[in-house]
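Below are the chains, spelled out letter by letter.
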Amino acid sequence: MAAGGAVGDVDVRAGEENFPVALRVLPARHRRHLVAVYGYARMVDELGDSYAGDRVAALERVRTQVDDLWAGRTVDDPVLRRLAATVVECGLGREPFVDLIEANLLDQRVVAYASFEDLLGYCRLSANPVGRIVLEVFGQSTPARVALSDDVCTGLQLLEHWQDVGEDRRAGRVYLPEHDMAAYGVSAADLDAPVASPALRELLLVETERAAALLGSGDPLVRQLRGWARLAVAGFVAGGEATAAALRRSGGDVLSVTPRPRKAETLARLLRGVVWQPPGGAR
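Thresholds applied
- Residues numbered from 1 in each chain as written.
- Predicted model: local features only at pLDDT ≥ 70, side-chain atom pairs only at ≥ 80, totals over all residues.
- Heavy atoms only, no water.
- 1 Å grid on protein atoms, 1.4 Å probe; cavity = no way out; pocket = protein on both sides within 12 Å on 5 of 7 lines; lining within 4 Å.
- Points joined across faces, edges and corners; volume = space filled by probe spheres on them.
- Helix = DSSP H or I, 4+ residues; strand = E, 2+ residues; numbered from the N terminus.
- Axes fitted to C-alpha atoms, helices over the stretch in contact; angles between N-to-C directions.
- Parallel < 35°, antiparallel > 145°, perpendicular 65-115°, else oblique.
- Left-handed = near helix turned anticlockwise from the far one by under 90°.
- Contact = heavy atoms within 4.5 Å.
- Core = buried A, V, L, I, M, F, W, Y, C linked by side-chain atoms within 4.5 Å.
- Buried < 20%, exposed > 50% of the residue type's maximum accessible area, 1.4 Å probe, protein only.
- Salt bridge = Lys/Arg side-chain N within 4 Å of Asp/Glu carboxyl O.
- Phe/Tyr/Trp six-rings, centres within 6.5 Å; stacked < 30°, edge-to-face > 60°.
- Expected span 1.5 Å × (residues − 1).
- Nonpolar A, V, L, I, M, F, W, Y, C, P; charged D, E, K, R; others polar.
- pLDDT = per-residue confidence, 0-100.

Tallying each qualifying case throughout the model produces two cavities of 30 Å³ or more. In this structure, the second largest cavity encloses a volume near 40 Å³. Every residue lining the second largest cavity is listed: His-161, Trp-162, Val-165, Asp-168, Arg-173, Val-174, Tyr-175, Leu-176 and Leu-191. Within the residue set of the lining of the second largest cavity, elements represented by two or more residues are α7 (143–163) and α8 (165–170).

Right, here's the structure in full:
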């Protein structure tokens, strides 16, 4: 992308995600809105992660166009033009979209996190806004559902970090909390090895369970949702559960190979989450 050019000229492949971004069985209008939101989130991430030019300047240009969009002014970026119709039709708020920019600006300044709480603070900017937007797209946002959604999105983000420990390290970032690494005797140099050490494997399995516990808020959230929203969110949760299962199968060795969720397992978990309801509504 040339400096000053369209900020949306980036690849936005939904196939790279652990979860279905917009299930094909959803009505066209919902798919269109979800794909528009995903395109924006992916574009912002790509600018923050791999843009060859001035990433801060590129992200600030996105913020300017976001401000223009919510002010009712014309935007020239193709991704934001597609998003504009969704913003208007669904009455979406501006803050979650700005938070995603802030997360990527933070990535330009912070390359490691001291504590798990610090990492959760990052996830509040990088992940939770997406769930909040999805609830608004379906018109089913309430404070209680937002709280559950925040847990789910943080869990999904953490699982992605644990999958990509080696990739992130090569990019100069470490999301494993420094306090946790020290407690398990894991050094930064261990992340450069071709195979995870026993200490790193143990730490990764512990972190996987912490993420899976947050993802557990997905069951009560899905039960509260109605119609197509229930199916869409169940897809996100199922993808996260299948990713946690893949990390467990790897034994915590995320350096020799990147654990990926199995599509069949994701589908099975999706069907269970949407269809199966035990007596009394408990899960």
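Back to the text.
Take the packing of helix α1 (residues 28–50) against helix α3 (residues 78–90) next. At their nearest, the axes of α1 and α3 sit 9 Å apart, and the two run at 130 degrees to each other. Taken together, the axes of α1 and α3 lie oblique to each other. Helix-helix and strand crossings are classified by hand; for α1 and α3 the assignment is left-handed. Between α1 and α3, the contacting residues are Arg-32, His-33, Ala-36, Val-37, Gly-39, Tyr-40 and Met-43 on the first element and Val-79, Leu-80, Arg-82, Leu-83, Ala-85, Thr-86, Glu-89 and Cys-90 on the second.

Right, let's get into the nonpolar core. Counting 77 residues, the largest nonpolar core has Tyr-40, Trp-162 and Leu-176 as the members making the most contacts within it. Counting residues per element, this core draws most heavily on helix α12 (residues 227–249), which supplies 10 residues. Ignoring anything within four residues of it in the chain, the contact list for Tyr-40 reads Val-62, Val-66, Val-79, Leu-80, Leu-83, Phe-97, Leu-100 and Ile-101.

Our focus in this paragraph is the environment of Val-37. Secondary-structure assignment places Val-37 in helix α1. Separated by 97 residues in the primary sequence, Val-37 and Val-134 have C-alpha atoms spaced 8.3 Å apart. When near neighbours in sequence (up to four residues on either side) are disregarded, Val-37 contacts Leu-83, Thr-86, Ile-133 and Val-137.

Here we come to the pattern of salt bridges. Inspection of every chain in the model, using the stated rule, returns 14 salt bridges. Taking the shortest distance from any N to any O, the salt bridge between Asp-107 and Arg-173 comes out at 3.8 Å. Here the residue Asp-107 occupies a position in helix α4 (residues 95–107), and Arg-173 occupies one in the loop between α8 and α9 (178–183), the gap between them amounting to 66 residues. A salt bridge links Glu-207 to Arg-210; its shortest N-O distance comes to 3.3 Å. Residue Glu-207 and its partner Arg-210 are both found in helix α10 (residues 198–215); the two are separated by three residues, about one turn of the helix. Judged by its relative accessible area of 30%, Arg-210 is partly exposed. When salt bridges with common partners are traced through the structure, they connect Asp-49, Asp-107 and Arg-173 into a single cluster.

Tallying each qualifying case throughout the model produces five aromatic pairs. On the basis of an interplanar angle of 45 degrees and a centroid distance of 5.1 Å, the ring pair of Trp-70 and Phe-97 is categorised as tilted. With a gap of 27 residues between them, Trp-70 in helix α2 (residues 55–70) and Phe-97 in helix α4 connect regions that are remote in the sequence. Phe-97 gets classed as buried once you look at its relative accessible area, which sits at 0%. Consider the rings of Tyr-113 and Tyr-122, whose centres lie 5.5 Å apart with planes at 40 degrees: the pair is tilted. Across the pair, exposure class does not vary: Tyr-113 and Tyr-122 are buried alike.

Spanning 21 residues, α7 covers 30 Å between terminal C-alpha atoms, matching the ideal 30 Å at 1.5 Å per step. Of all 21 residues that make up α7, 16 are buried, and the element is covered over most of its length.

Once that is clear, we can look at the packing of α10 against α12. Where α10 meets α12, the closest approach of the two axes is 10 Å, and the angle between their N-to-C directions is 165 degrees. Considered as vectors, α10 and α12 are oriented roughly antiparallel to each other. Crossing hand, α10 versus α12: left-handed. Taking contact as the criterion, the partners of Leu-205, Thr-208, Glu-209, Ala-212 and Leu-215 in α10 are, on α12, Val-237, Gly-240, Glu-241, Ala-244, Leu-247 and Arg-248. A per-class count over the contact of α10 with α12 returns six nonpolar, two polar and three charged.

Let us look at the confidence of the model for the chain. For the chain, per-residue confidence averages 88 on the pLDDT scale, and residues scoring 70 or more make up 88% of the total. Taken as a whole, residues 1–15 scores under 50 in pLDDT and shows 35 contacts with residues more than four places along the chain or in a different chain. Below pLDDT 50 for its whole length, residues 276–283 participates in 11 contacts with residues either more than four positions away or in separate chains.

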